[in-house]
Amino acid sequence: MPGKVTKNVHDGFELELEDGRHPVIERLNLGEPFVPNDVVLEPENRLLIITGPNMAGKSTVMRQTALIVLMAQTGSFVPCKTAKIGIVDRIFTRVGASDLLAKGQSTFMVEMSETANILNNATDRSLIIVDEIGRGTSTFDGVSIAWAVAEDLHDRVGAKTLFATHYHELTDLQTTKEHVRNMSIAVKEWNQKIIFLRKLVQGSTSRSYGIQ
């Protein structure tokens with residue numbers, strides 16, 4: 001672990017993490033060095049559309065961001081080189097695929113219920129983590145749902161948002177929405193192999209490498 005961390009918890013909006021790490025995954029030592037990442041969310045750059053392959057590291061970056069914010073607001077050490085963290089009122093997540101069949105809820109119904117909860121209760125001081133949305137229905141319906149949710153988060157809610165998706169159509173939002181920025185997890189193709197670089201970089205990707 002690194003030495004002294006510079007941490008600033010403030011009343012503003014900005015969230016700036018330099019060399020942020022996931023405190024659990026890093027400790028698990030999964031056979032490769034853990035790659036730290038920077039995350040910046042600010043009023044003019046508050047909704048990040050994150051694309052990239054499965055298993056490349058999108059979920060890790062998003063979850064570590066939420067964990068770091070939570071740890072900071074409890075007064076804890078945070079696994080970053082430097083951290084400037086605007087206080088959030090709540091952290092909302094829409095992550096993974098699960099059902100509640102005993103209560104008559106399919107995976108899609110659970111997804112929509114969780115999404116509705118975010119849209120109805122998040123404020124411009126919230127932190128929102130969306131790890132895939134609209135995947136439990138047809139492709140065109142799913143894209144429409146994901147697009148509408150992203151637009152509402154941008155236009156009305158105004159919260160700090162990390163929005164991971166395999167719907168690459170959503171990257172077009174950067175051209176029409178002022179506060180959307182496209183990010184992706186870097187991948188290198190070498191010798192007919194796919195190498196996950198685990199690094200969050202600017203710009204979008206056009207491939208998910210699902211077949212590979």
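Residues numbered from 1 in each chain as written. Predicted model: local features only at pLDDT ≥ 70, side-chain atom pairs only at ≥ 80, totals over all residues. Heavy atoms only, no water.

**A closer look at the sheet that holds strand S1 (residues 6-10)**
Logical step 1: On the basis of which strands lie adjacent, the open sheet formed by four strands has the order S1-S5-S2-S3 and mixed pairing. Lying at the two open borders of the sheet, with one neighbouring strand each, are S1 and strand S3 (37-41). Along the sheet, successive strands turn relative to each other by an average axial angle of 10 degrees, direction set aside.
Logical step 2: Docked against the sheet, helix H2 (residues 58-73) engages S1, strand S2 (15-20), S3 and strand S5 (82-86), running at close to 110 degrees with respect to S2. (Pairing = 2+ DSSP bridges. Helix = DSSP H or I, 4+ residues; strand = E, 2+ residues; numbered from the N terminus. Axes fitted to C-alpha atoms, helices over the stretch in contact; angles between N-to-C directions. Contact = heavy atoms within 4.5 Å.)

**What to know about the pattern of salt bridges**
Logical step 1: In this structure the tally under the stated criterion is eight salt bridges.
Logical step 2: When the shortest N-O distance is used, the salt bridge between arginine 156 and aspartate 152 registers 2.7 Å. Of this pair, arginine 156 and aspartate 152 both sit in helix H4 (residues 139-157), four residues apart, which is roughly one turn of that helix.
Logical step 3: Taken together, the salt bridges that share partners define one network made up of Arg94, Glu111 and Glu114. (Salt bridge = Lys/Arg side-chain N within 4 Å of Asp/Glu carboxyl O.)

**Structural notes on the layout of surface pockets**
Logical step 1: Of the voids in this model, the largest pocket is the one considered here, and its volume is about 590 Å³.
Logical step 2: In terms of lining, the largest pocket is formed by 24 residues, of which the most central are Met55, Ala56, Gly57, Thr60 and Arg198.
Logical step 3: Listing elements by their share of the lining of the largest pocket, those giving two or more residues are helix H1 (25-28) and H2.
Logical step 4: It is H2 that contributes the most residues to the lining of the largest pocket, five residues altogether.
Logical step 5: The residue makeup of the lining of the largest pocket, split by class, is nine nonpolar, eight polar and seven charged.
Logical step 6: In this model, the second largest pocket occupies a volume close to 180 Å³.
Logical step 7: Lining the second largest pocket, in full, are Asp38, Val39, Val40, Asn45, Leu48, Gln174, Arg181, Asn182, Met183, Leu200, Gln202 and Gly203.
Logical step 8: Of all the elements in the fold, those that place two or more residues in the lining of the second largest pocket are S3, strand S9 (180-190) and strand S10 (193-202).
Logical step 9: Looking at side-chain class alone, the lining of the second largest pocket contains five nonpolar, five polar and two charged residues. (1 Å grid on protein atoms, 1.4 Å probe; cavity = no way out; pocket = protein on both sides within 12 Å on 5 of 7 lines; lining within 4 Å. Points joined across faces, edges and corners; volume = space filled by probe spheres on them. Nonpolar A, V, L, I, M, F, W, Y, C, P; charged D, E, K, R; others polar.)

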